[in-house]
Amino acid sequence: PLQTAWGTWSVRKGWLIRRKLPSGEFGYGEICPLPTHQGELATDIGEEDSAFARWFVEGTNPTAVYSAMSAALLPLDRETEIKLAELDAAGYRFCKLKLGVQDKEREWQLLEQVCLSLPQSMRLRLDPNASWSAADWAFWQPRLESQSDRIEFIEEPFEPGITAKEFAYRANETSIPIALDESLQENLELWTERDWGGFWVIKPSLFEDPDHWLPKLEGKHDRIILSAAFETAIGMNAILRLASMLPKSTHHGLGTQAWFADEWGVPQNGPRIESAPHSRLEALWNTIPE
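Report follows, based on the coordinates. (Residues numbered from 1 in each chain as written. Predicted model: local features only at pLDDT ≥ 70, side-chain atom pairs only at ≥ 80, totals over all residues. Heavy atoms only, no water.)

## Let's talk about helix α1 (residues 51-58)
Point 1. Judged by how many residues are buried, α1 sits mostly within the fold: 6 of 8 residues are covered.
Point 2. Buried within α1 are the following residues: A51, F52, A53, W55, F56 and V57.
Point 3. Residues of α1 that are buried in the fold lie against β3 (15-20), β4 (26-31), α7 (210-213), α8 (233-243) and α9 (278-286). (Buried < 20%, exposed > 50% of the residue type's maximum accessible area, 1.4 Å probe, protein only. Helix = DSSP H or I, 4+ residues; strand = E, 2+ residues; numbered from the N terminus. Contact = heavy atoms within 4.5 Å.)

In C-alpha cells, the structure reads:
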C-alpha cells in the first residue's frame, strides 16, 4: 500500500467504460477519481468526471502505440538508498518521494542520507501532499536548500487554505523550484492567469478534456509533468496518448504500475512506459463479471 500524508491507500476503485464507435470498433476509457481522506469514492459520476475518459474513447486508434519516460515512485525509508541505486542502474533519472508521512525530524534524517548517497545522474521530486504548515516550511526550507542540487522540485508542499499570493511568495523565497498539483485541480484558470513560472503537475484523469485546457498552457509544455492516479492499462494508455502531445524529453510521473499486485497495468522497461495493445484493453474489459 501507498503511504501518503492523508493516510494509507491499498485498493484502487474506479470505473471502466466502453463505447461502440462509428467504425465498429470499441473504445475503452477509465474514470479514476481520487478517494477522500476516508478512502471512499463518490457514487455520482458526472460529465466533468468522465471528460478525460471520453476524450480517449472518442480518439480511439486501435493501431496506435504510445510511450513516455517516467520517474519512479518510492517510499522514504531505510531501503530507499538501495532502491535508488537499483533504479539508477535501470536507467531512471528522477524519483519521487512522499513526505509528510512520518515525524519531520525522522524524515529529514532519512532524506539527508538519501541526498548524500544519491547517484550523480539522478534527481529527486519531493511530494508532501499539501501537508506543510508555515512552521513545517520554516523547518524544511533551509534543510532542503542545503541539498538543492539534488532536488528537481517540491510538489505542492503547502497545506490547504493558503492563498495563491502567499503560495507564490513562499515559492519565490526558495531556490528550489515548486510544482503545483492539487491547486491546479481546484483552479487551473487562476494559475494560468497568474502565469505560474514553476512546474505544472497534472493528473489528466482528474481534469476536463485536454483539448480544452492544454492550449491554455501554450509556452509551458516543457514544464508540464503528467501524473498518474493509479490507473489500469486503460487509463494509462490515455495518459500516454496525451504525453505524445508534449516534449518527448519530459520524464512524467507515471511510476505507479510497480505498486499493483495484479496484471492490470502496462508494459514497462526501466523508465520507459509503453501503451498496452488495444486487444489488451478488450481482454481487461472481458475479465469483469457480467
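## Observations regarding unusual backbone geometry
Point 1. Although it is not a glycine, N129 sits at a positive phi angle of roughly 50 degrees.
Point 2. Summarising the element assignment, N129 is placed in the loop between β8 (123-127) and α4 (134-145).
Point 3. In the Ramachandran plot, D195 falls in the positive-phi region, its phi being about 55 degrees despite a non-glycine side chain.
Point 4. Turning to its location among the elements, D195 is positioned in the loop between α6 (182-193) and β11 (199-202).

## With respect to the sheet that holds strand β12 (residues 224-226)
Point 1. If you trace the 7 strands from one edge of the open sheet to the other, you get β6-β7-β8-β9-β10-β11-β12, paired in parallel fashion. On the outer flanks of this sheet lie β6 (72-74) and β12, each paired with one strand and no other. When the angles between neighbouring strand axes are averaged without regard to direction, this sheet yields 30 degrees.
Point 2. Across 3 bridges, the pairing between β8 and strand β9 (residues 151-155) is parallel. Across the sheet, the residue bridging to L124 is I151, located in β9.
Point 3. Across the face of the sheet, α6 comes into contact with β10 (178-180) and β11 while running at roughly 135 degrees to β11. (Pairing = 2+ DSSP bridges. Axes fitted to C-alpha atoms, helices over the stretch in contact; angles between N-to-C directions.)

## Things to note about the sheet that holds strand β15 (residues 272-274)
Point 1. Spatially, the 4 strands line up as an open sheet ordered β13-β5-β15-β14, and their pairing is mixed. Both edges of this open sheet fall to β13 (251-252) and β14 (268-269), since each of them pairs with a single strand only.
Point 2. The pairing of strand β5 (residues 67-70) with β13 spans 2 bridges and is parallel. Bridge pairing in β13 places S70 opposite H252.

## Thoughts on the environment of E231
Point 1. Residue position: E231 is located in the loop between β12 and α8.
Point 2. By relative accessible area, which is 1% here, E231 ends up buried.
Point 3. With 35 residues separating them along the chain, E231 and V266 place their C-alpha atoms 9.8 Å apart.
Point 4. Of the polar contacts made by the side chain of E231, one reaches the side chain of S205; its length is 2.7 Å.
Point 5. Among the polar contacts listed, one links the side chain of E231 to the backbone nitrogen of A229, at a separation of 2.9 Å. (Polar contact = N/O pair within 3.5 Å; in protein donor to acceptor, adjacent residues only side chain to side chain.)

## Quick word on helix α5 (residues 164-172)
Point 1. Along α5, the residues that are buried comprise A164, F167, A168, R170 and A171. Summarising the axial view, the buried residues of α5 lie within an arc of 160 degrees, below the 170-degree limit, and thus occupy one face. Set apart from the buried face of α5 by more than 90 degrees, the exposed residues are K165, Y169 and N172.
Point 2. Tucked into the core, α5 has its buried residues touching α4, β10 and α6. (Arc of directions from axis to C-beta.)

## Things to note about the packing of helix α3 (residues 104-117) against α4
Point 1. Close contact between α3 and α4 brings their axes to 11 Å; oriented N to C, the two are set at 15 degrees. Taken together, the axes of α3 and α4 lie roughly parallel to each other. Where α3 crosses over α4, the two elements pack in a sense that is right-handed. Of the residues in α4, those touching α3 at K104, E105, E107, W108 and L111 are D136, F139, W140, R143 and L144. (Parallel < 35°, antiparallel > 145°, perpendicular 65-115°, else oblique. Left-handed = near helix turned anticlockwise from the far one by under 90°.)

## Focus on the state of the cysteines
Point 1. Tallying each qualifying case throughout the model produces 0 disulfides.
Point 2. The cysteine C115 is free of any disulfide, with C95 supplying the nearest cysteine sulfur at 11 Å.
Point 3. The exposure class of C115 is buried, given its relative accessible area of 1%. (Disulfide = S-S within 2.5 Å.)

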